[in-house]
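# Working through the structure, step by step
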Amino acid sequence: MTNGIIGVPHPMNEPVKEYRIGSTERTALQEALKLAKASEKELPMCINGKAVFGSKKIRVSPPHEHAHTLGYIHEGDASHVNQAIEAALAARESWAAMPWEQRASIFLKAADLLAGPYRATINAATMLGQSKNAYQAEIDSACEFIDFLRFNVHYMTEIYAQQPYSPPGVWNRLEYRALEGFVFALTPFNFTAIAGNLPTSAALMGNVVVWKPAYTQAYSAQVIMEVLQKSGLPDGVINLIYVDGPEAGGVIFKHPDFAGIHFTGSTSVFQTIWQEIGKNIGTYKTYPRVVGETGGKDYILVHNTADVTESVVAMIRGAFEYQGQKCSAASRAYVPNSLWPAIKAQLQEELAKQTMGSVEDFSNLFNAVIDAKSFKKITTYIDKAKADGETIIAGGNYSDEIGYYIEPTVIEVSDPKYQTMCDELFGPVLSVYVYDDTKLDDVVSLIDTTSPYALTGAILAKDRHVITELTAKLVNTAGNFYINDKPTGAVVGQQPFGGARASGTNDKAGSAVNLMRWVSMRTIKETLVSPRSVSYPFMEKVF
């Protein structure tokens, strides 16, 4: 038992390495890429701290290089889901009772392992398995994940320090209990940091977790699990499973000890899950916490006082970094007629300079989309835009011969409600509507009503009155709002991330708000000197 009011290291954002030619980090990463490609890895589940091999094996290859085999996922079934739940519940009591500073130490150690000996390993795994270039992998699988781990420990102490007022004779206190049951973490392919944060944030607060990552992120998920085990995470606290979604859900959402879901993924899946939870609400011991971030139809609004070059950089980086496969990626832009000729010319010029190809060639800014399903969806929209007579001003070509390659594509649409302005494509396609400079209010209304989503948005302008007006009028269109910048790149500790409307519950990953969802408070009142009389002063009789 530790007797002391324990402080934790003050968190600071992990510095982003640049991977310049000749740098030690570049050499280390290139070696890690070679090592990863030198052998085919088995990717088992991890239940109660043990590797579990399923009967079905699923081949994993880089999205940008079909011919290469990275390894094989071992897929499980409903029996493995039940095993994971049982392992989690068996670990629950001792984990919840562990002093908070001991739990914190595990995740702080994981952060340091990722910052040091595992940095190149997890970046290489993310690059190969998810087709991210070196910089995108660095800001995701290294820096953001490290930041989540360190800042979450800090936020945990802030939460625990929030205690009620105690008047004379009474000692009031709040206890932040773990949820009664297990948490289900369902994580996406596009950010290794999200895949790591969703299970670990809940676990940090004393919860036990069943974690199902996207199969397309399985290669780097193995590194996350290895790091957590190296950090001393007890068996059964986080259990990694590879099971088909509906089959896993059929067990989890009917289990009486289901206590919450931490989700990032598609809106349709999240809504289906919410319906399933509602259908089974009478089954559970406690009302489950439902926390989800789903997606967006994120926008850039350029005002006629904006700088042309700054607007172009925001559009290219915001729309096409990581092939537009970010929940926050810009997929629709509104540009004033007066600036469009200059912006159009610079867009075409800048995109023509950039190359697309393997992540192992560090000169490539653009790589492949994640899988065949995504490739088909995105290219279908591009083909339809061509057939409908919309103007392709950049890109528009694609091939899946070597990998799932789609050129960064800019479509100038004639109708602001055209399909690509409304639907979430989740790929390297930016639709641009050119508006009359005098009809800014109409464009604001379009932004507000075109999409059910409200995740991120950006405005570019130099007129402060305009910035003030747009910030107010677009208040409900984005949970993360950017002024004179691209709508991507939220940093833990600086810009807590999440949106409302169809984009999710806005429980802000990277903030104390999110961690509060994984605790159940108990109020304790201790009376220091207890009353010894039943009667109250007002009851005194008059003689």
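Placed above this text is the structure.
The following paragraphs examine the structure supplied in this document. The structure presented is a predicted model; accordingly, all values stated were derived computationally and were not measured.

Here the focus is the packing of aromatic side chains. Evaluated as defined, the whole model comprises 16 aromatic pairs. Taken together, a centroid distance of 6.1 Å and an interplanar angle of 85° make the contact between Y215 and Y242 edge-to-face. Here Y215 is found in the loop between β8 (208-213) and α7 (218-230), whereas its partner Y242 is found in the loop between β9 (238-240) and α8 (245-252), with 27 residues between them in sequence. The interplanar angle of 90° and the centroid separation of 5.3 Å between the aromatic rings of F253 and F258 together place this pair among those described as edge-to-face. Since its relative accessible area comes to 5%, F253 is described here as buried. Classification of F258 as buried rests on a relative accessible area of 0%. Among the aromatic residues, those joined into a cluster by ring pairs are F182, F184, F253, F258 and Y284.

One simple way to see leftover space: roll a probe sized like a water molecule over the atoms. Under the defined criterion, the tally for this structure stands at 2 cavities of 30 Å³ or more. Each pocket or cavity is described by its volume, and for the largest cavity that value is around 80 Å³. Lining the largest cavity we find 14 residues, and of these G324, K326, A329, S331 and F426 sit closest to its centre. Each residue belonging to the lining of the largest cavity can be placed in one class, and the counts come to 7 nonpolar, 4 polar and 3 charged. Volume-wise, the second largest cavity comes out at about 30 Å³.

A few words on the nonpolar core. Among the nonpolar cores identified, the biggest contains 101 residues, and M205, W211, I238, I252, F253, F258 and I261 are the most heavily contacted of them. With 12 residues, helix α5 (residues 134-161) is the largest single contributor of residues to this core. By size, the runner-up hydrophobic cluster in this structure holds 33 residues, among which are Y418, M421, I467 and A478.

Our next topic: the packing of helix α6 (residues 192-204) against α7. Their axes nearest at 10 Å, the elements α6 and α7 cross at an angle of 45°. Compared by their axis directions, α6 and α7 come out oblique. Seen from above, α6 lies across α7 with right-handed handedness. Only S220, I224 and L228 of α7 make contact with α6, whose side of the interface consists of T192, A195, G196 and T200.

What follows is about helix α2 (residues 78-97). The end-to-end C-alpha distance of α2, which contains 20 residues, comes to 29 Å, matching closely the 28 Å that a straight helix rising 1.5 Å per residue would cover. Along α2, the largest kink reaches about 40° and is centred on A91. Along α2, the residues classified as buried are H80, V81, A84, I85, A87, A88, A91 and W95.

Okay, the sheet that holds strand β13 (residues 330-336) next. Spatial strand order, β14-β17-β18-β13-β12-β20-β21: 7 strands in an open sheet with mixed pairing. Only two strands of the sheet have a single partner each, and these edge strands are β14 (391-394) and β21 (480-483). Across the sheet, the mean angle separating the axes of adjacent strands is 20° when strand polarity is ignored. As paired elements, strand β12 (residues 298-302) and β13 share 4 bridges and run parallel to each other. Within the sheet, the bridge partner assigned to L301 lies in β13 and is Y334. Sitting on the sheet, helix α14 (residues 440-450) is in contact with β12, β13 and β18 (429-435), with an inclination near 170° to β13.

Cut-off values and rules
- Residues numbered from 1 in each chain as written.
- Predicted model: local features only at pLDDT ≥ 70, side-chain atom pairs only at ≥ 80, totals over all residues.
- Heavy atoms only, no water.
- Phe/Tyr/Trp six-rings, centres within 6.5 Å; stacked < 30°, edge-to-face > 60°.
- Helix = DSSP H or I, 4+ residues; strand = E, 2+ residues; numbered from the N terminus.
- Buried < 20%, exposed > 50% of the residue type's maximum accessible area, 1.4 Å probe, protein only.
- 1 Å grid on protein atoms, 1.4 Å probe; cavity = no way out; pocket = protein on both sides within 12 Å on 5 of 7 lines; lining within 4 Å.
- Points joined across faces, edges and corners; volume = space filled by probe spheres on them.
- Nonpolar A, V, L, I, M, F, W, Y, C, P; charged D, E, K, R; others polar.
- Core = buried A, V, L, I, M, F, W, Y, C linked by side-chain atoms within 4.5 Å.
- Axes fitted to C-alpha atoms, helices over the stretch in contact; angles between N-to-C directions.
- Parallel < 35°, antiparallel > 145°, perpendicular 65-115°, else oblique.
- Left-handed = near helix turned anticlockwise from the far one by under 90°.
- Contact = heavy atoms within 4.5 Å.
- Expected span 1.5 Å × (residues − 1).
- Bend = angle between axes of the 7 residues up to and from the residue.
- Pairing = 2+ DSSP bridges.

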